[in-house]
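Listed here are the chains, written in short residue letters.
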Amino acid sequence: MTTMERFARNKALAMLLATIFLLSLLALLSNITPIQSRSLFNGSQDSTDTTATSTQIQHTESDLDVPDEEDLVPVATKPIDAKEWKPKKWGRLSPEIEQAIEYNVRIAGGSGNKKADRILLTAVANQGMADYTMNWIASLKKCGLDDKFLVFAIDEEMVETMKKAGFGKHVVMIPKDWFHKELSKDFEGWLSDGYTPITHSKSLVVERLLYTDVTVWFSDVDIVFTSPSIYDYLLMKLNSRKQTETLFSQETEQKIINSGFYIMRPTNTNKRILDASIYIQDTEQNKKPEVTQQRAINRILDDMNLNYQTSSIVLLDLMLFPHGRAYFDRNIPTKYGMTPMIVHANYRKGDNKMKDLKKFGLWYI
């Protein structure tokens with residue numbers, strides 16, 4: 001081989017190695033650098049918010065397995081044993097509430113011996129969460145789901161706000177005798193003194209609804225619906241196995257459920273879960289730190305069969321139903337080319353909820 005031939009071969013080899021190095025470097029940088037998130041709906045954002053980058057410190061996906069402080073609070077109260085538990089015997093709801101339910105309920109399925117599901121998309125909110133509620137409703141509209149939903153208002157101010165916005169048929173006042181303690185009308189930050197009683201009220205409302213033969217589709221109002229296919233998808237998940245009674249979103253992968261988004265059929269299993277969690281919160285209400293609704297429900301689930309083959313409880317994919325830590329801080333599911341069904345703006349304190357929703361094009365009002 002001549003000197004010129006060796007020189008040409010070595011040059012080609014050097015160029016090939018340099019190219020491989022540059023491609024590897026670009027791949028590495030794309031994995032550690034968050035992709036800028038864009039609005040999930042075209043034209044839903046001001047020009048100043050066309051793209052958004054989280055101001056939060058980026059972490060690895062392994063952090064999704066780390067429980068939050070509310071999920072680590074010890075629970076001393078022993079849950080009600082399933083063999084000893086008996087359904088409650090409540091009378092009918094008020095005509096106003098029953099009428100609102102019938103107006104907003106969705107009838108799904110039902111053929112042969114199978115009973116149709118009466119599905120009610122519902123939320124619980126006070127005046128302090130009015131803006132988030134309106135944004136929640138706006139996201140329902142973008143997904144074609146704003147025709148049937150029902151907000152249970154904690155205070156009269158919230159009822160009036162809903163009526164003035166034209167949603168009078170989609171709001172009812174929670175009866176005072178449903179509450180176990182007085183609730184705040186203000187926006188309550190995560191784990192503040194007024195936060196836990198409000199989360200408790202959500203269980204009280206859902207428990208009552210389960211006794212009206214309603215399948216409760218519950219959503220916190222700091223959630224944004226992002227997929228027009230979500231309703232059909234959830235129905236598919238609910239009916240894909242005969243034994244499925246509950247769909248829960250997740251807090252940590254396959255370990256802790258998130259109580260801000262779920263579907264519960266009106267079965268005795270779900271009635272007991274709610275009843276037992278309410279009992280835990282009532283029993284430990286003066287404890288510091290307090291036992292939240294989510295912590296109480298997870299304590300009940302700790303004693304239940306969660307085997308994926310036989311359990312009546314199904315966990316929704318964290319990639320499709322991400323919480324705030326996954327979506328805003330870890331860029332999941334965007335970095336994997338996936339579109340979420342919802343985005344939950346939790347793990348944000350105070351105004352940071354709204355700030356991040358705006359940054360990521362998820363604030364529509």
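Residues numbered from 1 in each chain as written. Predicted model: local features only at pLDDT ≥ 70, side-chain atom pairs only at ≥ 80, totals over all residues. Heavy atoms only, no water.

Peer 1: So what exactly am I meant to see when it comes to the confidence of the model for the chain here?
Peer 2: For any part of a model where pLDDT is low, the fine detail of the predicted coordinates should not be relied upon. With 74% of its residues at a pLDDT of 70 or more, the chain has an overall mean of 83. Below a pLDDT of 50 lies the segment residues 27-38, which in the model reaches 17 contacts outside its immediate sequence neighbourhood of four places, other chains included. Of the regions scoring below 50 in pLDDT, residues 183-195 engages in 37 contacts with residues more than four places distant in sequence or in other chains. (pLDDT = per-residue confidence, 0-100. Contact = heavy atoms within 4.5 Å.)

Peer 1: I would appreciate a short explanation of the nonpolar core in the present structure.
Peer 2: A general feature of soluble globular proteins is that nonpolar side chains tend to end up buried together. Counting residues in each nonpolar core, the largest one holds 52 residues, and the members touching the most others are W136, W217, F225, I230, L234, F261 and F321. Of all the elements, helix α3 (residues 130-142) adds the most residues to this core, at seven residues. (Core = buried A, V, L, I, M, F, W, Y, C linked by side-chain atoms within 4.5 Å. Buried < 20%, exposed > 50% of the residue type's maximum accessible area, 1.4 Å probe, protein only. Helix = DSSP H or I, 4+ residues; strand = E, 2+ residues; numbered from the N terminus.)

Peer 1: Explain the environment of S139 here, please?
Peer 2: Secondary-structure assignment places S139 in helix α3. A sequence separation of 86 residues divides S139 from F225, and the C-alpha atoms of the two residues are 5.2 Å apart. Apart from the residues within four sequence positions on either side, S139 is in contact with I223, V224, F225 and Y364.

Peer 1: Help me out: how do you make sense of the packing of α3 against helix α4 (residues 156-164) in this one?
Peer 2: Geometry of a packed helix pair, given as the angle between the helix axes and the separation of the axes. The contact between α3 and α4 brings their axes to 11 Å, and the two run at 40°. It follows that α3 is oblique to α4 by the angle criterion. Seen along the crossing, α3 lies across α4 with a hand that is right-handed. In contact with A130, T133, M134 and I137 of α3, α4 contributes M158, T161 and M162. Split by residue class, the contact of α3 with α4 holds five nonpolar, two polar and no charged. (Axes fitted to C-alpha atoms, helices over the stretch in contact; angles between N-to-C directions. Parallel < 35°, antiparallel > 145°, perpendicular 65-115°, else oblique. Left-handed = near helix turned anticlockwise from the far one by under 90°. Nonpolar A, V, L, I, M, F, W, Y, C, P; charged D, E, K, R; others polar.)

Peer 1: Even after reading the chapter, I still don't get the packing of aromatic side chains, so can you show me in this structure?
Peer 2: Here a ring pair, both rings aromatic, is described through the centre-centre distance and the interplanar angle of the planes. For the structure on display, the rule yields 16 aromatic pairs. Ring centres of F248 and Y262 lie 5.5 Å apart, and the angle between their planes is 55°; this geometry places the pair in the tilted category. Within this pair, whereas F248 is found in strand β9 (residues 246-252), its partner Y262 is found in strand β10 (residues 256-264), the two being separated by 14 residues in sequence. Take F248 and Y262: they sit in the same class, and that class is buried. Relative to F321, the ring of F261 lies with its centre 5.7 Å away and its plane at 35°, an arrangement referred to as tilted. One end of the pair, F261, is in strand β10; the other, F321, is in the loop between β11 (313-315) and α9 (324-329), with 60 residues separating them in the sequence. Both residues of the pair, F261 and F321, belong to the buried class. Among the aromatic residues, ring-to-ring pairing joins W136, F149, F167, W217, F225, Y231, Y233, F261 and F321 into one connected group. Over the face of the ring belonging to W90 we find R208, whose NZ or CZ atom lies 4.1 Å from the ring centre. (Phe/Tyr/Trp six-rings, centres within 6.5 Å; stacked < 30°, edge-to-face > 60°. Lys NZ or Arg CZ within 6 Å of the ring centre and 35° of its normal.)

Peer 1: Would you mind showing me how to read the pattern of salt bridges here?
Peer 2: Side chains carrying opposite charge are able to pair once their charged atoms draw close together. Taken as a whole and judged by the stated rule, the model has 13 salt bridges. Among the salt bridges present, the one from K88 reaches E207, with a minimum N-O distance of 2.9 Å. Residue K88 is found in the loop between β2 (51-52) and α2 (95-104), and its partner E207 is found in helix α5 (residues 195-210); the two are separated by 119 residues along the sequence. Accessibility expressed as a relative area gives 29% for K88, which makes it partly exposed. We note a salt bridge from K202 to D220, for which the minimum N-O separation is 2.8 Å. In this pair, K202 is assigned in helix α5 and D220 in the loop between β7 (215-219) and β8 (223-225), connecting sequence segments 18 residues apart. Taken together, the shared-partner salt bridges connect D329, R330, R348 and D356 into one network. (Salt bridge = Lys/Arg side-chain N within 4 Å of Asp/Glu carboxyl O.)

Peer 1: When you look at the pairing of strand β5 (residues 150-153) in this model, what are you seeing that I'm missing?
Peer 2: Side chains on a regular strand alternate between the two faces of the sheet. Burial along β5 is two-sided: L150 and F152 and V151 and A153, pointing in opposite directions, are all buried. Pairing between strand β4 (residues 117-125) and β5: four bridges, direction parallel. For V124, the partnering residue across the bridge sits in β5 and is F152. The handedness of the β4 to β5 crossover, carried by α3, is right-handed. The pairing of β5 with strand β6 (residues 171-173) spans three bridges and is parallel. Looking at the pairing, F152 lines up with V172 of β6. Between β5 and its parallel partner β6, the chain crosses via α4, and the hand of that crossover is right-handed. (Pairing = 2+ DSSP bridges. Right-handed = clockwise from strand over helix to strand, strands pointing away.)

Peer 1: Just checking my understanding: could you explain unusual backbone geometry for this structure?
Peer 2: As a rule of thumb, non-glycine residues mostly have phi less than zero, and peptide bonds are mostly trans rather than cis. A cis amide bond, omega 10°, links I332 with the succeeding residue P333. Within the element layout of this structure, P333 appears in the loop between α9 and β12 (342-344). Positive phi, normally seen in glycine, also occurs at D213, with a value near 65°. By secondary structure assignment, the location of D213 is in the loop between α5 and β7. Take D213: its relative accessible area is 31%, and that puts it in the partly exposed class.

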